[in-house]
Amino acid sequence: MDLVYNLLVVLHLIGWAIVLGGTLVNLRAPKIATGVLHGILTALVTGILLVGIASAGLAGHEPNTTKIAVKLVVAVVVAALVIIGVRKPSRVTTGYLGAIAGLTVVNIAVAVLWR
């Protein structure tokens, strides 16, 4: 089960990297890249699976539910912004993309710094 958990962690990190990278690349000509939507959906699904595995006691540790709740709220907000940006491209501005990138960095910081 450790292998599955670790593979999910890798996929989770790749999802967030796609969101951040795809957002930063498009700051000059504001638009949401297709990969950003796929990245946030990957990050959300793998994050939920990681919490499920950890909560079941299969990962060797118990997840911090407060930390997970904060990360989930930020991830859902990022997902909503990305979905709205894909459906209504006229709303996407540099500030809009900056909000997505900023919230992504906040989510990464919470994951790394909150112990």
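Note that the structure is predicted; figures quoted are calculated from it, not measured.

### Details of helix α2 (residues 34-55)
And step 1. End to end, α2 covers 32 Å across 22 residues, agreeing with the expected 32 Å (1.5 Å per residue, within 8%).
And step 2. Within α2, the full set of buried residues consists of Val36, Gly39, Ile40, Ala43, Leu44, Thr46, Gly47, Leu50, Ile53 and Ala54.
And step 3. For α2, the elements touching its buried residues are α1 (2-25) and α3 (65-87).
And step 4. Gly57 occupies a position one or two residues after α2 and carries a positive phi of about 85°.

### Re a nonpolar patch on the surface
And step 1. A contiguous nonpolar patch, built from Val10, Leu11, Ile14 and Ile18 and spanning about 310 Å² of accessible area, is present on the exposed surface.
And step 2. You can see Ile14 is positioned in helix α1.

### Remarks on the nonpolar core
And step 1. Within the largest apolar cluster, 17 residues are counted, with the highest numbers of intra-cluster contacts made by Trp16, Val19, Ile32, Ile40, Val78, Val82 and Ile100.
And step 2. Of all the secondary-structure elements, those providing two or more residues to this core are α1, α2, α3 and α4 (94-113).
And step 3. Element by element, the count of residues in this core is highest for α3, at six residues.
And step 4. Excluding anything up to four places from it in sequence, Val82 contacts Ile32, Val36, Leu37, Ile40 and Ile100.

### Some remarks on the packing of α1 against α2
The geometry of a pair of packed helices is captured by two quantities: the angle between their axes and the separation between those axes.
And step 1. Taken N-terminus to C-terminus, the directions of α1 and α2 make an angle of 150°; their axes are 8 Å apart at the nearest point. Here α1 is positioned roughly antiparallel relative to α2, judged by the angle of their axes. Like other packed secondary-structure pairs, α1 and α2 cross with a definite hand, here left-handed. Of the residues in α2, those touching α1 at Val4, Tyr5, Leu8, Val9, Leu11, His12, Gly15, Trp16, Ile18, Val19, Gly22 and Thr23 are Gly35, Val36, Gly39, Ile40, Thr42, Ala43, Thr46, Gly47, Leu49, Leu50, Ile53 and Ala54.

### A few points about the environment of Ile100
And step 1. One can find Ile100 in helix α4.
And step 2. By relative accessible area, Ile100 is classed as buried at 0%.
And step 3. Each residue touching Ile100, except ones within four places of it in the same chain, is listed here: Val19, Thr23, Ile32, Val78, Leu81 and Val82.

### Here's the deal with the UniProt feature "transmembrane region" (unreviewed entry) in the chain
And step 1. The residues that UniProt annotates with the feature "transmembrane region" (unreviewed entry) are residues 6-25, 32-56, 68-86 and 93-114.
And step 2. Summarising residues 32-56: 88% helix, 0% strand, and an end-to-end C-alpha distance of 36 Å.
And step 3. Taken end to end, residues 68-86 is 100% helix and 0% strand, and its two terminal C-alpha atoms sit 26 Å from one another.

### Considerations on the environment of Tyr96
And step 1. Position of Tyr96 relative to the elements: it lies in helix α4.
And step 2. Assessed through its relative accessible area of 14%, Tyr96 is described here as buried.
And step 3. Tyr96 sits 65 residues away from Lys31 along the chain, and the two C-alpha atoms are 9.3 Å apart.
And step 4. Among all residues touching Tyr96, those that are not within four sequence positions of it are Ile32, Leu81, Ile84, Gly85 and Arg91.

### Side note on α1
And step 1. For α1, spanning 24 residues, the distance from its first C-alpha to its last is 34 Å, which sits close to the expected 34 Å at 1.5 Å a residue.
And step 2. All buried positions along α1 are accounted for by Tyr5, Leu8, His12, Gly15, Trp16, Val19, Gly22 and Thr23.
And step 3. Of the surrounding secondary structure, the elements contacted by the buried residues of α1 are α2, α3 and α4.

Criteria and thresholds
For every chain, the first residue of the written sequence is number 1, and numbering continues from 1 onward in sequence order. This being a predicted model, a pLDDT of at least 70 is required before a residue's local features are given, and a value of 80 or more before pairs of side-chain atoms are given or counted; all residues contribute to the totals for chains, interfaces and linings. With hydrogens and water stripped out, all remaining heavy atoms of the structure feed into the side-chain values. The helix count covers DSSP runs of H or I at least four residues long, the strand count covers runs of E at least two residues long, and both are numbered beginning at the N terminus. Here the expected length of a helix is defined as 1.5 Å per residue gap, with one fewer gap than residues. Burial here depends on accessible area, computed with a 1.4 Å probe over protein chains only, as a share of the maximum for the residue type. Under 20% is buried, over 50% is exposed, and the range in between is partly exposed. Pairs of residues are marked as contacts when any of their non-hydrogen atoms sit within 4.5 Å. Grouping into patches uses exposed residues only, defined as over 30% relative accessible area, and leaves out salt-bridged ones; the cut-off is 9 Å for like charges and 5 Å for nonpolar side chains (Val, Leu, Ile, Met, Phe, Trp, Tyr). Here the Shrake-Rupley method, with its probe set to 1.4 Å, supplies the accessible areas, and only the displayed protein chains count as covering residues. Salt bridge criterion: a side-chain nitrogen from Lys or Arg within 4 Å of a carboxyl oxygen from Asp or Glu. Nonpolar cores are built from buried Ala, Val, Leu, Ile, Met, Phe, Trp, Tyr and Cys residues. Side-chain atoms within 4.5 Å join them into one set. In this description, a line fitted to the C-alpha atoms serves as the axis of each element, helices being fitted only across the stretch in contact, and the angle between N-to-C directions of two axes falls anywhere from 0 to 180 degrees. Angle categories: roughly parallel below 35 degrees, roughly antiparallel above 145, roughly perpendicular from 65 to 115, and oblique for all the rest. For any pair of crossing helices, the crossing counts as left-handed if the nearer helix is rotated counterclockwise from the farther one by less than a right angle, and right-handed if it is rotated clockwise. UniProt positions are given in the numbering used here, feature names are shortened, and annotations may be inferred rather than shown by experiment.

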